[in-house]
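Summary of the model geometry
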Amino acid sequence: MIPSVLPTYSRAPLSFVKGEGSWLIEADGRRFLDLGAGIAVNALGHANPALIDALTKQAGALWHTSNLYQIPQQQALADKLVEHTFADTVFFTNSGTEACELAVKMARKYFYDKGQPERVEIITFSGSFHGRSSAGIAAAGSEKMTKGFGPLLPGFVHLEFGDHDAIAPAITDKTAAIMVEPVQGEGGIRPLPDACLKGLRDLCDEHGILMILDEVQCGMGRTGRLFAHEWAGVSPDIMMVAKGIGGGFPLGAVLATEDAASGMTAGTHGSTYGGNPLGCAVGGAVVDIITAKGFLEEVNRKAGLLRQKLEGLIAAHPDVFESVRGAGLMLGLKCKASNADIVTAGYAHGVITVPAADNVVRLLPPLTITDEEIAEAVSRLDAAARSLTAS
Ligand SMILES: *Cc1c(COP(=O)(O)O)cnc(C)c1O
């Protein structure tokens, strides 16, 4: 008999009733150090007092009106994002995959309005992840996500990640945009080197096409800058954001330059819940904290500490781990043992990690994790690795 919850996930036998900072707690009181943060969502930890305050204040005042009216919390959050990024304008969604939908629509509308309606194609890369909507799975293109769900939304050209020589020839008079994650998340924490991101920007400029960055996972301070592309000193035309921006409340956004967004006039796009007062009140508090003086410096310092300890862990368990990669507090342990076995062993030792493609274990702790918690987390990973080699 089919479970009452549609069984599209194979879930771990863990069930949490409470969160405190970097910790998740089960009903029997068992505590787990959370290096998954709900897959880079709980960027400021669980039960963050500032976020609880923002949410409960708003909940007591007004939950929902409609985008038919002015929404001051939405306006305030958009202003903050425009102030701190390349963007001139923002549309709010409830998730990353909805941000992907709008990014695709925006790029196509841009060229339609410029009198080039044949420019509809978007170039994407293997190992990418852009969500589970019809556009999202067509964009990523992997058989794992698309098999059985055809016909797929047309207009995506899939290239091999890392195959630089393939990119320029793939740009034709049908190309509208290149869409890429500066650091692939689901694909196994694969960072795009700064030089590659710069090279992509140059190609886009040369051919007059748009650069769409998916910073749903790597954005919002995760890599030690507010957005990962800042490390390369380039900026996109359109950017997808979600996950960390809501700190656990469902919130996403598409950020764009005035030019890239020029086709999106009244009536061309919409959302019932997107940009609602609750989500935007929380998002405003998240942006305030991450952009506060010194916050990202601390993320970078702690990232260095975690990385150094992980190098020690790898050296101590050469049969289990191979290397560490990533940026900031978005790190991947490339494994020799099975990543799934390591994640499961972590559960038994009170530490939560997340598997990714390419036999990688992902570490995406709250950006607020403390030095002591980093030391404790790595010691728990060490115990988990020892239990694997002992058996
Ligand atoms: C999670 C993720 C998405 C999809 O976000 P949802 O909120 O699950 O729809 C899109 N792109 C990237 C890079 C992601 O990590």
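Our subject is the structure that appears above.
Everything numeric in this text was worked out from a predicted model, so none of it was measured.

Next up on the list: the overall build of the chain. Helices and strands together make up the secondary structure of the chain, namely 12 helices and 17 strands. The C-alpha atoms of the chain give 21 Å as radius of gyration, which agrees with the globular expectation for 391 residues (21 Å, within 12%). For the chain, the spread of C-alpha atoms along the three principal axes comes to 65 × 55 × 55 Å. Taking all 391 residues of the chain together, the buried fraction comes to 53%. For the chain, long-range pairs separated by at least 24 residues make up 71% of all intrachain contacts whose partners lie at least 6 apart in sequence. As displayed, the chain offers around 17,100 Å² of accessible surface, 55% of which is attributable to carbon and sulfur atoms. Side-chain charges of the chain comprise 32 positive and 43 negative groups, with the mean position of each set lying 4 Å from the other.

Attention shifts here to the nonpolar core. It is characteristic of soluble globular proteins that their nonpolar side chains tend to be buried jointly. By size, the foremost hydrophobic cluster in this structure holds 60 residues, and its most contacted members are F92, M220, L255, I290, L310, F321 and L333. When residues in this core are grouped by element, the largest group, 9 residues, is from helix 10 (residues 295-316). Mapping this core onto the domain boundaries places at least three of its residues in each of domain 1 (81-259 + 283-290) and domain 2 (293-329). Ignoring sequence-local partners within four residues, the contact set of F321 consists of L313, I314, L333, K334, C335, K336, I342 and A385.

Moving on, we get to the environment of W231. As for its position among the elements, W231 is in the loop between strand 10 (210-214) and strand 11 (238-241). Once the C-alpha coordinates of W231 and T56 are considered, the two residues, 175 residues apart in sequence, prove to be 35 Å apart. Dropping the residues within four chain positions of it, W231 is found in contact with D194, T223, G224, R225 and N300.

Attention shifts here to the side chain of E373. Note on placement: E373 falls in helix 12 (residues 371-390). Of the polar contacts made by the side chain of E373, one reaches the backbone nitrogen of T370; its length is 3.0 Å. When sequence neighbours within four positions are dropped, the list of residues in contact with E373 reads S22, W23 and L33.

So, about the packing of aromatic side chains. For any two aromatic rings, the description comes down to two numbers: the centre-to-centre distance and the angle of the planes. Across all of its chains, the model carries 2 aromatic pairs by this definition. With centroids separated by 5.5 Å and ring planes inclined at 80°, the aromatic side chains of F16 and F32 adopt a geometry described as edge-to-face. Placement of F16 in strand 1 (residues 16-20) and of F32 in strand 3 (residues 31-34) is noted, with a sequence separation of 16 residues between them. With relative accessibility at 32%, the residue F16 sits in the partly exposed group. Centre to centre, the rings of Y110 and F111 are 4.9 Å apart; their planes meet at 90°, and the pair counts as edge-to-face. For the cation-ring pair, R31 lies above W23, with the distance from its terminal atom to the ring centre recorded as 4.9 Å. Lying across the ring of F111, R119 places its NZ or CZ 5.7 Å from the centre.

In this section: the sheet that holds strand 11. Strands sit in the order 4-12-11-10-7-5-6 across an open sheet of 7 strands; the sheet is mixed. On the outer flanks of this sheet lie strand 4 (89-93) and strand 6 (156-159), each paired with one strand and no other. Mean inter-strand twist for the sheet, computed between neighbouring axes without regard to direction, equals 20°. Across 4 bridges, the pairing between strand 5 (residues 121-125) and strand 6 is parallel. Within the sheet, the bridge partner assigned to F125 lies in strand 6 and is L159. Seen against the sheet, helix 3 (residues 72-84) touches strand 4 and strand 12 (252-256) and runs at an angle of roughly 130° to strand 4. Helix-sheet contacts for helix 4 (residues 96-113) involve strand 4, strand 5, strand 6, strand 7 (175-180), strand 10, strand 11 and strand 12, and the interaxial angle to strand 11 is about 165°.

Calculation rules
- Sequence order sets the numbering: in each chain, residues are counted from 1 along the sequence as written.
- For this predicted model, a pLDDT threshold of at least 70 governs which residues receive local features, and a threshold of 80 or more governs which side-chain atom pairs are given and counted, while totals over whole chains, interfaces and linings are taken from all residues.
- Values reported for side chains reflect all heavy atoms of the structure, with hydrogen atoms and water molecules removed beforehand.
- Numbering of helices and strands starts at the N terminus; helices are DSSP runs of H or I of at least 4 residues and strands are runs of E of at least 2.
- Here the globule rule reads 2.2 Å times residues to the power 0.38, and the radius of gyration is calculated from C-alpha atoms.
- Whether a residue is buried, partly exposed or exposed follows from its accessible area with a 1.4 Å probe, protein chains only, as a fraction of its type maximum: under 20%, in between, or over 50%, in that order.
- For this analysis, residues touch if any pair of their heavy atoms sits within 4.5 Å.
- All accessible areas in this document rest on Shrake-Rupley with a 1.4 Å probe, and a residue is counted as covered only by the protein chains that are shown.
- Counted charges follow a simple rule, with Lys and Arg positive, Asp and Glu negative, and His plus the chain ends left uncounted.
- To locate a charge, take atom NZ for lysine, CZ for arginine, CG for aspartate or CD for glutamate.
- Residues belong to a common nonpolar core when they are buried Ala, Val, Leu, Ile, Met, Phe, Trp, Tyr or Cys residues joined through side-chain atoms within 4.5 Å.
- Per the annotation, domain bounds derive from an automatic or database assignment of domains.
- Definition of a polar contact: a pair of N or O atoms within 3.5 Å, with one able to donate and the other able to accept a hydrogen when the atoms are protein atoms, and with sequence-neighbouring residues admitted only if both atoms are side-chain atoms.
- Each pair of aromatic rings taken from Phe, Tyr and Trp, with Trp reduced to its six-membered ring, is defined by centres within 6.5 Å and is described as stacked if the planes are under 30 degrees apart, edge-to-face if over 60, and tilted in the remaining cases.
- Throughout this description, the term charge over a ring refers to an Arg CZ or Lys NZ atom that lies within 6 Å of the ring centre and within 35 degrees of the ring normal.
- Criterion used throughout: strands pair if DSSP finds at least two bridges between them.
- Angular values range over 0 to 180 degrees, each being the angle between N-to-C directions of two axes fitted as lines to C-alpha atoms, with helices fitted over their stretch in contact.

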